[in-house]
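Structure at a glance
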Amino acid sequence: MAYDVIIIGTGAGGGTLAHTLASAGLRLLLLERGDFLPRETENWDPSEVFVKNRYISTETWRDGAGKTFAPQVHYFVGGATKVYGASLYRLRPQDFGEIHHVDGISPAWPLDYGDFEPYYTKAEWLYQVHGNHGEDPTEGFVSKPYPWPAVSHEPRIEQLATDLRAAGYHPFHAPCGILLDEADRPRSNCIRCLWCDGYPCLVHAKSDADVLAVRPILGLPNVTLLVRAEVVKLETDGSGASVTKVIVNRDGAREEYSAPIVVVCAGAANSARLLLASANDKHPHGLANGSDQVGRNYMFHNCAAVMAVSLEPNPTTYQKTLGLNDFYFGESGYDYPMGNVQMVGKSLPPMYRGERPHETALAPEFTLEELSKHSVDFWLTTEDLPLPGNRITLGTDGMTQLSYTQTNRSEFARLFARLESVLGQIGMRAHSMLRRDYYFQQDVPIAGVAHQVGTCRFGTDPATSVLDLNCKTHELDNLYVVDTSFFPSIGAVNPGLTAMANAIRVGEHLIARIKDGA
């Protein structure tokens with residue numbers, strides 16, 4: 001079969017792009033390195049997910065010092081969205097401009113919030129996001145309401161929101177990507193369970209790229225999906241101006257595919273890796289890498305899960321309904337941004353065992369159960385900076401190497417201290433366990449690549465960017481990169497919705513290009 005477009009990867013970028021192009025009748029070949037994630041009871045087993053790492057790839061990378069580590073990457077139809085928390089935030093309008101941080105400058109994007117706003121709306125409707133626009137004073141203008149009302153707070157979180165408002169803060173209902181119909185619970189796909197953040201969804205009620213973007217188009221005659229099909233190299237014509245062959249390792253056998261348009265959507269690290277691994281005489285340092293920017297400017301947020309343990313029980317089941325951006329751009333007396341505070345999935349004892357094995361090794365199970373019953377769990381995110389030296393490279397043996405130095409750590413420390421102060425201000429200090437504050441903080445290590453962005457930034461200058469404004473590589477006329485690689489900066493909210501919005505934006509460009517015969 002002849003194809004119009006080959007899409008490599010089926011996550012937030014590739015899956016959304018495929019859904020957009022399929023509706024125009026374009027002949028698509030989707031190449032997915034993994035397979036469909038199995039539906040099994042282990043999907044909701046915290047020991048399997050967080051201790052045994054059942055759904056994490058077994059591959060290894062090296063850090064900048066040459067030490068190997070196991071990246072927390074997931075290769076399935078739907079990509080990382082199969083296990084993400086489905087917190088689908090828009091970047092703030094200011095995030096698209098230049099922002100000064102304690103450790104440097106977050107650069108301006110070549111497009112602004114207004115350019116992305118229509119596509120944010122389309123992405124919110126495709127992914128059935130729940131929320132209330134207008135509650136968060138840092139958000140930009142919106143052209144259309146969310147398709148679903150905000151997910152309601154359970155009593156303990158409603159009390160937290162009430163206390164925050166009474167103290168002068170601006171909590172808002174977090175944008176949640178779950179297929180929940182609270183007005184008709186018997187027919188709702190989502191059962192509002194504990195197992196959403198970090199787990200696969202056993203009942204397919206998470207707004208992931210597999211369920212909402214890929215599966216709906218698989219019955220179309222113009223869409224072909226090949227699983228267990230790892231793309232290992234892209235070959236070009238003699239001039240180096242176009243990709244002519246996509247080389248695939250499929251179940252141990254080499255296969256070749258061709259199409260007028262090739263789109264790489266393998267994630268920031270693996271998209272860069274593929275371009276670097278495809279070096280040839282015309283592109284000796286990797287495809288589209290004449291600027292030496294491929295792989296550079298890797299970012300993945302400063303973030304941590306924080307567990308506040310109070311005397312008051314927290315029987316909440318689905319906890320991810322509240323966000324707080326009062327400190328996103330700093331506060332009076334502090335000129336630097338701090339970032340986003342949101343709720344994270346409820347802590348469970350096996351998660352402590354998996355995430356903090358040394359600290360919990362001697363803890364009896366009943367102690368961890370008590371912590372879980374009284375925990376209120378937050379996720380803190382501070383913006384990372386795009387340093388040229390934070391980059392993906394290939395070792396002589398072909399192994400991926402990630403060199404990374406953290407930035408803005410003092411901003412994150414300020415945000416953590418500020419949250420601690422706020423919780424004390426609203427009474428959690430007075431009612432804390434053992435009459436004192438008790439916080440667990442679990443920082444995300446270099447292996448925690450869920451929020452990876454950068455490596456192939458877009459821009460107008462080929463000397464400082466890899467992609468043009470439509471995410472086509474400057475140096476090849478039929479090669480695009482459509483995932484989080486294109487981000488010039490990362491902001492301080494989850495990047496998923498921006499990747500989805502951009503995929504729709506680029507998809508509409510490709511439809512016009514192909515129909516015009518360009």
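Residues numbered from 1 in each chain as written. Predicted model: local features only at pLDDT ≥ 70, side-chain atom pairs only at ≥ 80, totals over all residues. Heavy atoms only, no water.

Strand pairing in a sheet is mediated by backbone hydrogen bonds. Such pairs are either parallel or antiparallel. Taking strand neighbours across the sheet as the criterion, the four strands line up as β4-β3-β19-β18 in an open arrangement whose pairing is mixed. Every interior strand has two partners, whereas the edge strands, β4 (68-69) and β18 (391-394), have only one. When β18 meets strand β19 (residues 400-403), the two strands line up antiparallel, connected through four bridges. Paired with Leu394 across the strands is Thr400, a residue of β19. Those strands touched by helix α6 (residues 268-277) are β3 (61-63), β18 and β19, and its axis lies near 40° from that of β18. (Pairing = 2+ DSSP bridges. Helix = DSSP H or I, 4+ residues; strand = E, 2+ residues; numbered from the N terminus. Contact = heavy atoms within 4.5 Å. Axes fitted to C-alpha atoms, helices over the stretch in contact; angles between N-to-C directions.)

To continue, consider the sheet that holds strand β22 (residues 479-481). Spatially, the five strands line up as an open sheet ordered β8-β2-β1-β12-β22, and their pairing is parallel. Sheet topology places β8 (223-226) and β22 at the edges, where each strand pairs with a single neighbour. Across the sheet, the axes of successive neighbouring strands diverge by a mean angle of 20°, strand direction being ignored. The sheet contact formed by strand β2 (residues 28-31) and β8 spans four bridges and is parallel. Each residue of the ladder has a partner; that of Leu31, found in β8, is Leu226.

Below, the discussion takes up helix α1 (residues 14-22). Counting buried residues along α1, eight of its nine residues qualify, which places the element largely inside the surrounding structure. Taken together, the buried positions of α1 are Gly14, Gly15, Thr16, Leu17, Ala18, Thr20, Leu21 and Ala22. (Buried < 20%, exposed > 50% of the residue type's maximum accessible area, 1.4 Å probe, protein only.)

This part takes up the nonpolar core. Ile8, Leu31 and Leu234 are the most contacted members of the largest nonpolar core, which has 122 residues in total. No other element matches the nine residues that helix α11 (residues 496-516) contributes to this core. Counting 26 residues, the second-largest nonpolar core is a separate cluster that includes Leu160, Tyr169, Ala308 and Met343. (Core = buried A, V, L, I, M, F, W, Y, C linked by side-chain atoms within 4.5 Å.)

With that settled, the discussion passes to empty space enclosed by the protein. In total, this model carries seven cavities of 30 Å³ or more according to the counting rule given. Here the largest cavity is characterised by a volume of approximately 130 Å³. Around the largest cavity, the lining comprises 15 residues; the ones closest to its centre are Arg92, His133, Asp136, Glu139 and Tyr146. Its volume calculated, the second largest cavity comes out at about 60 Å³. In this structure, the second largest cavity is lined by Ile178, Cys190, Ile191, Arg192, Cys193, Trp195, Cys196, Cys201, Val203, Ala205 and Tyr318. (1 Å grid on protein atoms, 1.4 Å probe; cavity = no way out; pocket = protein on both sides within 12 Å on 5 of 7 lines; lining within 4 Å. Points joined across faces, edges and corners; volume = space filled by probe spheres on them.)

With that out of the way, let us pick up the pattern of salt bridges. Inspection of the entire model under this criterion finds 30 salt bridges. Note that Glu48 is salt-bridged to Arg54, the shortest N-O span being 3.1 Å. Of the residues examined, Arg54 reaches a relative accessible area of 37% and is grouped as partly exposed. Here Arg165 ties to Glu158 by a salt bridge, and the two come within 3.5 Å at their closest N and O atoms. Accessibility expressed as a relative area gives 42% for Arg165, which makes it partly exposed. (Salt bridge = Lys/Arg side-chain N within 4 Å of Asp/Glu carboxyl O.)

Let us now look at the state of the cysteines. Per the counting criterion, the structure on display carries zero disulfides. The thiol of Cys176 is unpaired, and the distance to the nearest cysteine sulfur, on Cys196, comes to 8.1 Å. We note that Cys196 lacks a disulfide partner, and the nearest cysteine sulfur, in Cys193, lies 6.2 Å from it. (Disulfide = S-S within 2.5 Å.)

Our next topic: the confidence of the model for the chain. The predicted coordinates ought not to be read in detail in places where the model reports low pLDDT. Mean pLDDT over the chain: 92, with 92% of residues reaching 70 or higher. Predicted confidence is poor over residues 352-366, with pLDDT under 50, and the contacts of this stretch with residues over four places away or in other chains come to 25 contacts. (pLDDT = per-residue confidence, 0-100.)

Another aspect to go through is the pairing of strand β16 (residues 340-343). Taking every second residue as pointing to the same face, both faces of β16 are buried, with Asn340 and Gln342 on one and Val341 and Met343 on the other. Bridge analysis of strand β15 (residues 322-324) against β16 gives two bridges, and the strand direction is antiparallel. Among the inter-strand pairings, Gly323 is bridged to a residue of β16, identified as Gln342. Bridge analysis of β16 against strand β17 (residues 375-382) gives four bridges, and the strand direction is antiparallel. Within β17, the residue paired with Val341 across the bridge is Leu380.

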